[in-house]
Amino acid sequence: MMRKYLRFLWGLRKFIQERSTPEEAIALAKEKVRDRIQHREENFLNFVERGVYGNPNSPYLRLLQPRKIALQDIQKRVGTDGLEPTLDFLRQEGVYYTVAEYKGMQDVVRNGLKFRAKESEFDNPFLSAAYEVRSGATRSAGTRIRIDFDYLIQRSLYDALLLSTHNALTSPIANWFPIFPGAPGINSSLRFCRIGNPPKKWFSQVDRNHLKLNWERRFGTNYIIYMTRLFGAAVQKPEYVSLNDASLVAQWAAAALNESEHCVVYTFASSAVRVCMAAREHNLNIKGAIFLVTGEPLTETKRREIESTGARAVPVYGISEAGVIAAGCDQPHSIPDHCHVYKDSIAITKHQRIFPAGDDAQIETLLFTSLLYESPKILINIEMGDTGTLTSGSCPCQMGELGFDLQIHTIGSFEKLTGEGVTFVNTDFVHIIEEVLPRQFGGESTDYQIVEEEDSTGITHLNLLVSPRVRDVDEQSVVQVFLRHLLHSDETPGSWARSGSQMWSHVGTVRVKREYPIPTKRAKILPFHVVRNLEKMKASKDS
């Protein structure tokens, strides 16, 4: 234990004391990106050689060996066909993992084998973890991520590039993310500090006093903040601001804009909408504010709500296993979540398969392959439950000029429900929908259903449909029972089940509607309904 903390202390000291100025950071970012794009295929092959064939515990060997695919075969194919065609070849040979397989929730049945992988098997064995965080999701979707300081250094260069693209490299920054061990708040605070522009504020939607944290996690945030200040930096202590008090964030933005042309608020998409709504209600001028929004799709409604205040909405798309992998530029795009893919550190291909929620529809899922040696996870054709439209083309922005010519938009999920930046997958609440609610309030398992819906202001709600067949139901009691059981879906200290349930309870994210559950095209009633989201994605793609 003592060795662990000494290693962390040494790494943090080096990380902080070697921080750059914003100008140095953007110059280094451009240099690194150009070099990695130029050596993209070579970096992939080196990663595969060391992380897969040089790692006897690699979960990919179980899929490669039955197909007799050697390192030399992959090297030859990359040299002949290129990176993405090689990844497609590997997928066709069964070398991929679905999100359920990757998380150890479902057996892998391929190539004459049947086994169950462990999520920890995908950890990058070449990293020395400084600390651990959890992705913005609950047990089934949440992921334990081992963070290395070298990884944070590389990711901070993308922050410099993103801020520079939007003429905000030195603009004052505020985070509005839940406290540690959630990934976005602590990670972004350290990354912005590294590039010489530490956030002026860290607001948190979650009150740490209401969380069940073990001593190490409770101590962790204060320890990191204290040590960074000791080493000469100014990482802010998280300040609790509930979702109902978004005016406090709006007040900070308005004050910052009195002294700077721009300010930056990095937060979830729905939280950004709440800040803009509060600014209008309190007659606060936040024209010039830049909202970097993540955690949930930036829809047209959300973008319109944010831009109505004179602010700008910038989509930031990331997965905890690989960090931010795409972000929006400063050029006008008709599609609100249009992003440039950081192709120097990630490869994205597609995999067509049956819709896993019980219908027989075909969907194209995104498969991710990590190219950055410092990535916390070794990803090769890994599905994360997301879909999206990939395009290529030139763009006159800084990202386009660097070579980020692959773009993605209309990003969504086929298996997750997201509200206020917190994600729950089906295994978190199927038991509640099919067993707990019918047992307590009557009816059958098919009389209850969760449906995600965005209201006219851009706030995402989760409608808990209760069939009219179930009589004499106290709607508030149904919500309370649902949230209480969701809260206990993961008793792990610091889990996102607890943080997410707290956030949803405060702002009424879950609402009961007395409607019949929505069937699939094959007349099946599923515990949660996502076809509406898929239809929206398809309609956007067709348009």
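Residues numbered from 1 in each chain as written. Predicted model: local features only at pLDDT ≥ 70, side-chain atom pairs only at ≥ 80, totals over all residues. Heavy atoms only, no water.

### Thoughts on the packing of aromatic side chains
We count it as follows: Side-chain rings of Phe, Tyr and Trp (the six-membered ring for Trp) are treated as a pair once their centres are within 6.5 Å; stacked means planes under 30 degrees apart, edge-to-face means over 60, and tilted covers the remaining angles. The way it works is that DSSP assigns letters per residue, a run of H or I at least four long becomes a helix, a run of E at least two long becomes a strand, and they are numbered from the N terminus. Think of it in three bands: residues with accessible area under 20% of the maximum for their type are buried, residues over 50% are exposed, and the middle band is partly exposed, with areas taken using a 1.4 Å probe on protein chains only.
Counted under the stated rule, the structure contains 11 aromatic pairs. Measuring from centroid to centroid gives 5.4 Å for phenylalanine 15 and phenylalanine 149, while their planes differ by 35°, and the two rings are tilted. Taken together, the residues span a long stretch of sequence, with phenylalanine 15 in helix α1 (residues 2–17) and phenylalanine 149 in helix α8 (residues 149–165) at a distance of 134 residues. Here the two residues phenylalanine 15 and phenylalanine 149 agree in accessibility, since each one is buried. Between tyrosine 102 and phenylalanine 122, the aromatic rings sit 4.8 Å apart at their centres with planes inclined by 65°, giving edge-to-face as the arrangement. Of the two residues, tyrosine 102 sits in helix α7 (residues 99–102) while phenylalanine 122 sits in the loop between β2 (113–115) and β3 (131–134), which places them 20 residues apart along the sequence. The exposure class of phenylalanine 122 is buried, given its relative accessible area of 1%. One aromatic cluster is present, formed by Tyr60, Tyr97, Tyr102 and Phe122 through successive ring pairs.

### Some remarks on the sheet that holds strand β22 (residues 510–513)
Where we set the bar: DSSP-based pairing: two strands are paired if at least 2 bridges between them are found.
Judged by pairing direction, the sheet is mixed, and its four strands sit side by side in the order β22-β21-β20-β23 without closing on themselves. The two strands at the open ends of the sheet, each matched to only one other strand, are β22 and β23 (528–529). Where strand β20 (residues 448–454) and strand β21 (residues 460–466) come together, seven bridges link them in antiparallel fashion. Opposite glutamate 454, over in β21, you have threonine 460 as the bridge partner.

### Structural notes on the sheet that holds strand β16 (residues 386–392)
In a beta sheet, neighbouring strands pair by backbone hydrogen bonds and run either parallel or antiparallel. Which entries qualify depends on this criterion: Two residues form a contact once any of their heavy atoms are found within 4.5 Å. Fitting a line to C-alpha atoms yields each axis, with helices limited to the stretch in contact; the angle taken between N-to-C directions then spans 0 to 180 degrees.
Spatially, the 10 strands line up as an open sheet ordered β7-β6-β5-β8-β9-β10-β11-β12-β17-β16, and their pairing is mixed. The sheet terminates laterally at β7 (239–240) and β16, the two strands that pair on one side only. Sheet analysis places strand β5 (residues 173–176) next to strand β6 (residues 201–204), joined by three bridges and oriented parallel. For asparagine 175, the partnering residue across the bridge sits in β6 and is tryptophan 202. Lying on the sheet, α8 is in contact with β5, β8 (263–268), β9 (289–294), β10 (312–319) and β11 (323–327); it crosses β11 at an angle near 25°.

### Some points on helix α12 (residues 269–281)
So the rule is basically this: Multiplying 1.5 Å by the residue count of a helix minus one yields the expected span of that helix.
Between its first and last C-alpha, α12 extends 19 Å over 13 residues, near the 18 Å set by a 1.5 Å rise per residue. Counting buried positions along α12 gives 10 out of 13 residues, so the element sits mostly inside the fold. Of all the positions in α12, only Ala269, Ser270, Ser271, Ala272, Val273, Arg274, Val275, Cys276, Ala278 and Ala279 are classed as buried.

### Focus: the nonpolar core
Spelled out, the test is: Side-chain atoms within 4.5 Å link the members of a nonpolar core, which is a set of buried Ala, Val, Leu, Ile, Met, Phe, Trp, Tyr and Cys residues.
Core analysis: the biggest nonpolar cluster contains 108 residues, and Phe291, Leu464 and Phe482 have the highest contact counts within it. Ranked by the residues each element gives to this core, the list is headed by α8, at 10 residues. Among the nonpolar cores identified, the runner-up in size contains 44 residues, and Phe122, Ile325, Ile378 and Met384 belong to it.

### Remarks on the packing of helix α2 (residues 22–38) against α8
What counts, and what does not: For this classification, under 35 degrees means roughly parallel, over 145 means roughly antiparallel, 65 to 115 means roughly perpendicular, and everything else is oblique. Note on convention: the crossing is left-handed when the near helix lies turned anticlockwise from the far helix by less than a right angle, right-handed when the turn is clockwise. Polar here means any residue outside two lists: the nonpolar Ala, Val, Leu, Ile, Met, Phe, Trp, Tyr, Cys and Pro, and the charged Asp, Glu, Lys and Arg; Gly therefore counts as polar.
Running from N to C, α2 and α8 point in directions that differ by 110°, and their axes come no closer than 8 Å. Regarding the angle of α2 to α8, the classification is roughly perpendicular. Classified by chirality, the crossing of α8 by α2 is left-handed. In contact with Ala25, Ile26, Leu28, Ala29, Lys32, Val33 and Arg36 of α2, α8 contributes Gln154, Leu157, Tyr158, Ala160, Leu161 and Ser164. Of the residues assigned to the contact of α2 with α8, the class counts are nine nonpolar, two polar and two charged.

### Quick look at the packing of α12 against helix α13 (residues 300–307)
For the pair α12 and α13, the least separation of the axes is 8 Å and the interaxial angle reads 35°. For the pair α12 and α13, the sense of crossing is left-handed. Across the interface between the two elements, Ala269, Ser270, Ala272, Val273, Cys276, Met277 and Arg280 of α12 pack against Lys302, Glu305 and Ile306 of α13. Considering only residue class, the contact of α12 with α13 consists of six nonpolar, one polar and three charged.

Note that all results are geometric; they support no functional claim without further evidence.
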